[in-house]
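Working through the structure, step by step
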Amino acid sequence: MSIAASSLLHLTPEGLFCPEANAHVDPVRPVARAIITHAHADHARAGHGAVLATQETLDIMALRYGEGFCGQRQTLAYGQRLDLGGVTLTLKPAGHVLGSAQVVLEAGGAQAVISGDYKRQADPTCAPFELVPCDVFVTEATFGLPVFRHPDAGAEMAKLLASQALFPERTHLVGAYALGKAQRVIAELRRAGYDRTIYLHGALEKITAYYQSRGIALGPVEPVGGLGKELAGEIVLCPPGELAGRWARRFGDPVTAVASGWMRVRARARQRGAELPLVISDHVDWPDLTRTVLETGAAETWVTHGAEEALVHWCETVGRKARPLHMIGYGEDETETDSAPADTDT
Ligand SMILES: [Zn+2]
């Protein structure tokens, strides 16, 4: 591997830093210049001097944090090249949520890719992951264990629709995070032929409307507002944290579902109160994770968060160098309330 590739990135307490570009990628604390991969709360924080990201990521950050979320914004479209202190920066689709990007840094013929969160499964609500050959590949490992194999999303939607047919008098309440998961569930339901109105908890309205404004077809959606028992037999989406709370009681005896990669784990499904676990994830599963590491051709793989040791061990068994970064602040921040947009990752 070229020495230049690994020297493109340094690990600092704020996160990964490119000295030539003088920019951090997804810093966990306020910095002078940040490049943001996507707008999930654990990657996109408010308070940076300058933020460079895709238009969608910047727009969603403004929706959640307010227009003053950073000093200066700079938009970079997928594939557009930008010179930063002698390093060429490009953003490539990560297939994670609308606007999500891999950060590609290139200097002296060496290339490093910070994938952010990503997935390889088809998703009608965002641009598909684009494989970028590189020398250093920085990857998440949220589902970095062989047990994690995400089924086809269509098959999970079929379970939801079968349950609705079986219990036509009960509301089906689906817990889905506000950014990405909720819109994907809606789009997958439409793909399965479901054309009735889908009802949304207030915390999901703003971002769903934003997706629609960017041309993502979601069909008829309405706020739940003050409705409750009137929605018997309907599908209602809400943040997962609302399933067990007071808000959900308005529906009487709903069927509770959760859409998350973690639903593969029975204990998690129980803990979430999911009668109907739907294994739908924004992240690569184990087969796609290991396939991607191989396909990038990277001589070195750096693992940022998730099941780091398992992936590092796997890389070594196939003769690839790998290192766990033990970065704090990403991943399983699943706390969520109506007002705080901490909907990260599932
Ligand atoms: Zn994410």
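The structure presented is a predicted model; accordingly, all values stated were derived computationally and were not measured. (Residues numbered from 1 in each chain as written. Predicted model: local features only at pLDDT ≥ 70, side-chain atom pairs only at ≥ 80, totals over all residues.)

**As for the overall build of the protein**
Counting its regular elements, the protein contains 8 helices and 19 strands. Taking 346 residues into account, the globule formula puts the C-alpha radius of gyration at 20 Å, and the protein, at 20 Å, falls close to it. Along the longest, intermediate and shortest principal axes, the C-alpha atoms of the protein span 65 × 45 × 30 Å. Counting only contacts in the protein whose residues sit at least 6 apart along the sequence, the fraction spanning at least 24 positions is 61%. (Helix = DSSP H or I, 4+ residues; strand = E, 2+ residues; numbered from the N terminus. Rg over C-alpha atoms; globule rule 2.2 N^0.38 Å. Contact = placed C-beta atoms within 7 Å.)

**Considerations on the sheet that holds strand β13 (residues 198–200)**
On the basis of which strands lie adjacent, the open sheet formed by 6 strands has the order β14-β13-β15-β12-β16-β17 and parallel pairing. Every interior strand has two partners, whereas the edge strands, β14 (221–223) and β17 (276–278), have only one. Pairwise comparison of adjacent strand axes, ignoring direction, gives a mean angle of 25° for this sheet. Taken strand by strand, helix α3 (residues 153–166) contacts β12 (172–175), β15 (235–238), β16 (255–259) and β17, and its axis lies near 155° from that of β17. (Pairing = 2+ DSSP bridges. Axes fitted to C-alpha atoms, helices over the stretch in contact; angles between N-to-C directions.)

**Side note on helix α7 (residues 286–296)**
Residues of α7 that are buried: W286, D288, L289, T292, V293 and T296. Buried-residue contacts for α7 involve β10 (110–114), β11 (136–141), β18 (300–306) and α8 (308–317). Within two residues after α7, G297 carries a phi angle of roughly 70°, on the positive side. (Buried ≥ 20, exposed ≤ 12 C-beta atoms within 10 Å, placed from the backbone.)

**A few points about the domain arrangement of the protein**
Examined at the domain level, the protein breaks down into domain 1 (3–147 + 282–324) and domain 2 (153–278). Relative placement of domain 1 and domain 2: their C-alpha centres are 29 Å apart. Opposite the 17 residues of domain 1 that make contact, domain 2 presents 16 residues. Class assignment for the residues of the side of domain 1 that touches domain 2 results in 8 nonpolar, 5 polar and 4 charged. (Domains from an automatic or database assignment. Nonpolar A, V, L, I, M, F, W, Y, C, P; charged D, E, K, R; others polar.)

**Some words on the environment of E309**
Topologically, E309 is positioned in helix α8. Here E309 falls in the partly exposed class, since 14 other C-beta atoms lie within 10 Å of it. Measuring from C-alpha to C-alpha, the distance between E309 and M327 comes to 13 Å, with 18 residues separating the pair along the chain.

**Brief notes about the packing of helix α2 (residues 55–65) against helix α5 (residues 202–213)**
Look at α2 against α5: their axes get within 11 Å of each other, and the N-to-C directions meet at 155°. Judged on the interaxial angle alone, α5 and α2 are roughly antiparallel. Relative to α5, the crossing made by α2 is right-handed. Listed contacts from α5 to D59, I60 and L63 of α2 are K206, I207 and Y210. Looking at side-chain class alone, the contact of α2 with α5 contains 4 nonpolar, no polar and 2 charged residues. (Parallel < 35°, antiparallel > 145°, perpendicular 65-115°, else oblique. Left-handed = near helix turned anticlockwise from the far one by under 90°.)

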